[in-house]
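# Structural description and commentary
Each chain is listed here by its residues.
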Amino acid sequence: MSDYSSILEKQKSFFLSGRTLDIGFRRNALKSLYKAVKDNEEELLEALTEDLGKSPTEGYATEIGIVLSELRYTLRNVGRWSRRKRVGTAMLHFPSSSYIIREPYGNALIMSPWNYPVQLTLVPLIGAIAAGCTAVVKPSRYSEHTSGVLKRIVSSAFDVNHVALVEGGREENEALLELEWDYIFFTGSPSVGRIVQRKAAEDLTPTTLELGGKSPVIIDESADMAVTARRLVFGKFMNAGQTCIAPDYVFVHRSRTKELLELLKQDIAMFYGKDPISNPEFGKIINSRHFERLRGLISGSPVYFGGQCDEERNKIGPTILFPAGRDDAVMQEEIFGPVLPVMEYEDLDEVISFIQKRPHPLALYIFSRNRKNIEKVHARIRFGGGCVNDCIMHIVGHGLPFGGFRESGLGSYHGRRSFDAFTHEKSILRHGLHPDITLRCPPYKNKLGLIRLMLR
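Thresholds, definitions, all that
- Residues numbered from 1 in each chain as written.
- Predicted model: local features only at pLDDT ≥ 70, side-chain atom pairs only at ≥ 80, totals over all residues.
- Heavy atoms only, no water.
- 1 Å grid on protein atoms, 1.4 Å probe; cavity = no way out; pocket = protein on both sides within 12 Å on 5 of 7 lines; lining within 4 Å.
- Points joined across faces, edges and corners; volume = space filled by probe spheres on them.
- Helix = DSSP H or I, 4+ residues; strand = E, 2+ residues; numbered from the N terminus.
- Nonpolar A, V, L, I, M, F, W, Y, C, P; charged D, E, K, R; others polar.
- Disulfide = S-S within 2.5 Å.
- Buried < 20%, exposed > 50% of the residue type's maximum accessible area, 1.4 Å probe, protein only.
- Pairing = 2+ DSSP bridges.
- Axes fitted to C-alpha atoms, helices over the stretch in contact; angles between N-to-C directions.
- Phe/Tyr/Trp six-rings, centres within 6.5 Å; stacked < 30°, edge-to-face > 60°.
- Lys NZ or Arg CZ within 6 Å of the ring centre and 35° of its normal.

## Concerning the layout of surface pockets
Roughly 1,400 Å³ of internal volume is contained in the largest pocket. Taken together, 49 residues form the lining of the largest pocket, with Gly188, Ser189, Pro190, Ser191 and Val192 sitting closest to its centre. Those elements giving two or more residues to the lining of the largest pocket turn out to be helix 7 (170–177), strand 6 (183–187), helix 8 (190–202) and helix 11 (288–298). No other element matches helix 8, which puts seven residues into the lining of the largest pocket. Of the residues contributing to the lining of the largest pocket, the split by class is 20 nonpolar, 15 polar and 14 charged. Approximately 490 Å³ is the volume attributed to the second largest pocket. Every residue lining the second largest pocket is counted, 25 residues in all, and those nearest its centre are Glu58, Ala61, Thr62, Phe234 and Met238. Breaking the lining of the second largest pocket down by element, the ones donating at least two residues are helix 4 (56–82), helix 5 (119–131) and helix 10 (257–272). It is helix 4 that provides the largest number of residues to the lining of the second largest pocket, a total of five residues. Grouping the amino acids of the lining of the second largest pocket by side-chain chemistry returns 16 nonpolar, seven polar and two charged.

Here you go:
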């Protein structure tokens, strides 16, 4: 605790010195991070393979490439984002001007998970640096090899008084949350998110919570099934299903069920071969505890395809459960693994009602060529974000804010929204001294009509 207090106190002094307010300083810090990531690219890819069994291609596409793209985008735009913004002023305040100053919150704590340990650590950090904050970064202990490389990256790119990385597990998390931060950015499970929010509330600390939940897929009778199956297999089984926005369960119209199931089998074989758990391009489960949890969900379930488990390597093959029941154990928690329950439906309103009664999902995916069905789903179901005729890919564009809704999160980031997350907008009215119009001042006799006019 004392060591972390010391780090925070030094970062507070560094922030109060005003150095991070300079846009040139922020740009140089972002460039240093870019260089450090590029210099350690091979080490990061090796660590991702060690921790999660990610192939180099998947590791780059879903982690390093996204970080580098975010850095380039932020470097191009941080100057524009940081400028003060002029806004309109009511006639009652004549002569005056109004503007917004964008200032950093201050000293930030960033806590990241193990499933995308590079992307989900560094993308929030990019927003904090761009906004002018200092940061203490705490990655997950489960992805220990990647955390070790991230430690070297942060140490080489930054003064510890600006950005520091703390390794460790639950004890370190608890100690960091006892300190008083200006902002907390947390990515992880809803259960831990509640703990973070309670601790933040003690000091009224603003937070961004990027959580998870059961993200549904709706496939109606008009869907292009060949495209649907292929994209569903890609999104679900990437990173062995350990993705917070992975499709968690599927509702398919009864008239298309058989076709979907056969295509899912074909596409799994096309992607990963006849023995996926022996394919080095198919990832592994992070540890034995999560492996046993997932094996328990498969046990006793109606396995239509897959279900192979390799305890020695913590690998579970792509698994389709059908017919899944709406009250099955697999439907009671976020799966976070390569297991996909499939259920049939006939009435879209029934599906909408089912989803509405459950916690708000982080993502929702609909595969359809029926505009009315798409608009109905989007209008009646509240969720963080999603795709039409695709899955996962809404997180890639810089222009789409990424975040959850209630149980699945609070706040958003990516692109401009990452900068905004760590930025306070300070509103300023600058009132001229002359002429000093006294319309607003007592006595108010005969002024009501003019005040009404000027406040329109």
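## Here we look at the state of the cysteines
Inspection of every chain in the model, using the stated rule, returns zero disulfides. Unpaired in terms of disulfides, Cys244 finds its nearest cysteine sulfur in Cys387, a separation of 13 Å. For Cys244, a relative accessible area of 17% gives the class buried. Not part of a disulfide, Cys391 finds its nearest cysteine sulfur in Cys387, a span of 6.7 Å.

## Quick word on the sheet that holds strand 1 (residues 85–87)
Pairing is antiparallel across the open sheet formed by three strands, whose spatial order is 1-2-20. Among the strands making up the open sheet, the edge pair consists of strand 1 and strand 20 (423–431). Direction aside, neighbouring strands of the sheet carry axes that sit 30° apart on average. Of the strand pairs in this sheet, strand 2 (residues 96–104) and strand 20 are connected by nine bridges, and their pairing is antiparallel. Bridging across to strand 20, Tyr99 finds its partner in Ile428.

## With respect to the packing of aromatic side chains
All chains considered together, the criterion is met by 15 aromatic pairs. With a centroid separation of 6.0 Å and an interplanar angle of 75°, the aromatic rings of Phe271 and Tyr272 are classed as edge-to-face. Note on Phe271: relative accessible area 27%, which makes it partly exposed. According to the relative accessible area criterion, Tyr272 is buried, its value standing at 10%. Considering the side-chain rings of Tyr272 and Phe282, the 4.9 Å spacing of their centres and the 70° angle between planes classify their relative orientation as edge-to-face. Remark: Phe282 occurs in the loop between helix 10 and helix 11 and Tyr272 occurs in helix 10; sequence separation between them is 10 residues. Residues Tyr272 and Phe282 agree in their burial class; the two are buried. Members of the aromatic cluster, connected to one another through ring pairs, are Tyr105, Tyr183, Phe185, Phe402, Tyr413 and Phe422. Positioned above the aromatic ring of Phe354 is the side chain of Arg326, whose terminal nitrogen or guanidinium carbon lies 5.7 Å from the ring centre.

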